[in-house]
Amino acid sequence: MRILVVEDARSLAEVVAEGLRDQGMAVDVAYDGLAAAAKLDLNRYDVVVLDRDLPGIHGDALCRMITERDDRAMVLMLTAAGAPGDRVSGLTLGADDYLAKPFHFPELVLRVRALARRRPTARARTLRAAGLALDPLLRTVLRDGRPLALSVKEFAVLEALLRASPGFLSAEDLLERVWDENADPFTNTVTVTVGRLRRKLGSPPVITTTTGVGYRIADEPAP
């Protein structure tokens, strides 16, 4: 899951971004509306956490820009104004949810995950393939009914592969979806993480690799 946090208060933006990364999400940050618009043109996001009072391009205008896109992200609007009229006006602009500051971080996480599930291209809550069952909300993974203990990045890689199944994801695709824009494109972190994930998933292997194409979850475990 890839998230864009748009917040001009840098300390709050970084706290929110690091907290979401700890939850296994790939997070980019923009500190004004102009930077956010540029990132939205370059990357596909599942959810935008959007401060309403932004310099450059106001949050209201940015919200309209997002909701007019064909493959639009879901928008969680943040604001210091929590009156009912402010909430109504924010939702009228096209925001999918609205959260007043100050907020409890666990609530923000739940709202972000709920919005990602509501996104038109999102799949059912529990992702299943090849004997695997992954619940993004509860952060659980089962293989043939047996629970698995995965790291944050291993979980995120498996979630991305299951969402793409039966299609392939290249190393570059995984780097974009699971890490963020600061990831080194020449790193071998994807290969290392997939290797650890394969070991934890056990035998028979369910992640296959096709040279020049990428990784995928096999419909049937590989021999």
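Residues numbered from 1 in each chain as written. Predicted model: local features only at pLDDT ≥ 70, side-chain atom pairs only at ≥ 80, totals over all residues. Heavy atoms only, no water.

Let us now look at unusual backbone geometry. Going from Ser-165 to Pro-166, the amide bond is cis rather than trans, its omega being 10°. When you line up the elements, Pro-166 lands in the loop between helix 6 (152–164) and helix 7 (171–178). Backbone torsion omega between Ser-203 and Pro-204 reads -10°, so that peptide bond is classified as cis. By the element assignment, Pro-204 lies in the loop between helix 8 (189–201) and strand 10 (207–210). Of note, Ala-130 is a non-glycine position whose phi angle comes to about 50°, a positive value. Along the chain, Ala-130 falls in the loop between strand 6 (127–129) and strand 7 (132–135). Phi angles above zero are rare outside glycine, and Asp-144 is one such case at about 50°. Within the element layout of this structure, Asp-144 appears in the loop between strand 8 (140–143) and strand 9 (146–147). (Helix = DSSP H or I, 4+ residues; strand = E, 2+ residues; numbered from the N terminus.)

Looking now at the sheet that holds strand 6. Spatially, 6-7-8-9 is the arrangement adopted by the 4 strands of the open sheet, whose pairing is antiparallel. Here the strands that pair on one side only, and so sit at the sheet edges, are strand 6 and strand 9. As defined by bridge partners, strand 8 adjoins strand 9 across 2 bridges and the pair is classed as antiparallel. Pairing of Arg-143 across the sheet is with Arg-146, part of strand 9. Relative to strand 7, helix 6 is tilted by about 110°, and along the sheet it contacts strand 6, strand 7 and strand 8. (Pairing = 2+ DSSP bridges. Contact = heavy atoms within 4.5 Å. Axes fitted to C-alpha atoms, helices over the stretch in contact; angles between N-to-C directions.)

Turning our attention to the pattern of salt bridges. Overall, the coordinates contain 14 salt bridges when judged by the stated rule. Arg-72 serves as the salt-bridge partner of Asp-96, at 2.3 Å between the closest nitrogen and oxygen. Separated by 24 residues along the polypeptide, Asp-96 in the loop between helix 4 (84–92) and strand 5 (97–100) and Arg-72 in the loop between helix 3 (59–67) and strand 4 (74–79) bring together distant segments of the chain. Comparing Asp-96 with Arg-72, the two get one shared label, buried. (Salt bridge = Lys/Arg side-chain N within 4 Å of Asp/Glu carboxyl O. Buried < 20%, exposed > 50% of the residue type's maximum accessible area, 1.4 Å probe, protein only.)

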